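Observations on chain architecture
Read off the chains here:
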Amino acid sequence: MTSTQRRKCQWEMALRACGFIVFRRLVGCFPPPDKIEFLLLQTSYGKHHWTPPKGHVDPGEDDLTTALRETKEEAGLGAEHLRVIDGFIHELHYEVRGKPKEVLYRLAELRDPGTAVTLSNEHQDYRWAKLEEACTLAQHEDMQETLRAAHRHVQAQQDKQ
Ligand SMILES: Nc1nc2c(ncn2[C@@H]2O[C@H](COP(=O)(O)OP(=O)(O)OP(=O)(O)OP(=O)(O)OC[C@H]3O[C@@H](n4cnc5c(=O)[nH]c(N)nc54)[C@H](O)[C@@H]3O)[C@@H](O)[C@H]2O)c(=O)[nH]1
């Protein structure tokens, strides 16, 4: 299937995308109370909006495979770089050009916080952002709530340790 056929097929189906809220924990700098930073990517097209790595589900692909593929394609981070966090899945529903779209986000920690991010031509910039900056970049309320929920989830896990 050519990329044009793939894109047409995706538009004919319900829009569905999957991705990862990728976070890293800063190490070695004391005290900052909040060491959690989220990865956001800025598109090189359209409104240049910021989102975590994610993208459309290919025909026959399962959600986790899509999330891993897109994170590799868009940020250069593969399964070997990530620790997928159990118990966190957030599904967002919004409209894109009049069509309903659903986006499913899982949560993953960057194992080595020093790992470099490598962008594809779909994005022009990236940021490792603390929660409030990430919410400002993300703009959309549903994404902001997802980031806050991810932050709560990571902190709750930390508190248990
Ligand atoms: N030239 C050009 N080309 C485009 C354009 N558009 C796509 N391409 C091509 O498609 C490829 C991307 O393919 P994938 O990577 O597989 O797909 P995704 O990762 O899914 O990426 P998208 O950008 O399609 O979709 P969203 O991020 O969902 O943004 C769509 C709208 O929704 C808003 N929005 C975003 N997030 C949230 C949220 O959390 N909450 C709420 N409420 N709203 C949100 C956002 O502000 C925006 O207005 C590119 O390579 C291009 O070739 C475009 O405008 N111009």
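Notes on the structure follow.

Parameters at a glance
- Residues numbered from 1 in each chain as written.
- Predicted model: local features only at pLDDT ≥ 70, side-chain atom pairs only at ≥ 80, totals over all residues.
- Heavy atoms only, no water.
- Salt bridge = Lys/Arg side-chain N within 4 Å of Asp/Glu carboxyl O.
- Helix = DSSP H or I, 4+ residues; strand = E, 2+ residues; numbered from the N terminus.
- Buried < 20%, exposed > 50% of the residue type's maximum accessible area, 1.4 Å probe, protein only.
- Near = heavy atom within 4 Å.
- Polar contact = N/O pair within 3.5 Å; in protein donor to acceptor, adjacent residues only side chain to side chain.
- Areas by Shrake-Rupley, 256 points an atom, 1.4 Å probe, with all protein chains shown as cover.
- Core = buried A, V, L, I, M, F, W, Y, C linked by side-chain atoms within 4.5 Å.
- Contact = heavy atoms within 4.5 Å.

1. Concerning the pattern of salt bridges
If you walk through the whole model with that rule in mind, you get 13 salt bridges. Across the salt bridge formed by Glu109 and Arg83, the nearest N and O atoms sit 2.5 Å from each other. Residue Glu109 is located in strand 6 (residues 99–110), and its partner Arg83 is located in strand 5 (residues 82–96); the two are separated by 26 residues in the primary sequence. The class of Arg83 is partly exposed, set by a relative accessible area of 32%. A salt bridge links Arg127 to Glu133; the shortest N-O distance between them is 3.2 Å. Through salt bridges with shared partners, a single network forms among Asp58, Glu61, Arg69, Glu70 and Glu73.

2. A short note on the site of the ligand
Around the ligand sit 20 residues in total, of which Tyr45, His49, Lys54, Tyr94 and Lys101 are the nearest. One of the side-chain N or O atoms of Glu74 is found 3.1 Å from an oxygen atom in the ligand. Within the side chain of Lys101, one N or O atom sits 2.5 Å away from an oxygen atom of the ligand. Summarising the interface, the protein chains cover 75% of the accessible area of the ligand, which totals 960 Å² for the free molecule. Breaking the shell around the ligand down by element, the ones donating at least two residues are strand 4 (54–56), helix 2 (63–75), strand 5 and helix 4 (141–160).

3. Overview of the nonpolar core
Formed by 24 residues in total, the largest nonpolar core has its most connected members in Ile21, Phe23, Phe38, Leu107, Met143 and Leu147. Breaking this core down by element, the ones donating at least two residues are strand 1 (15–25), strand 2 (36–43), strand 5, strand 6, helix 3 (131–138) and helix 4. Among residues more than four places away in sequence, those in contact with Phe23 are Ile36, Glu37, Phe38, Ile85, Leu107, Ala108, Glu109, Leu110, Trp128 and Val154.

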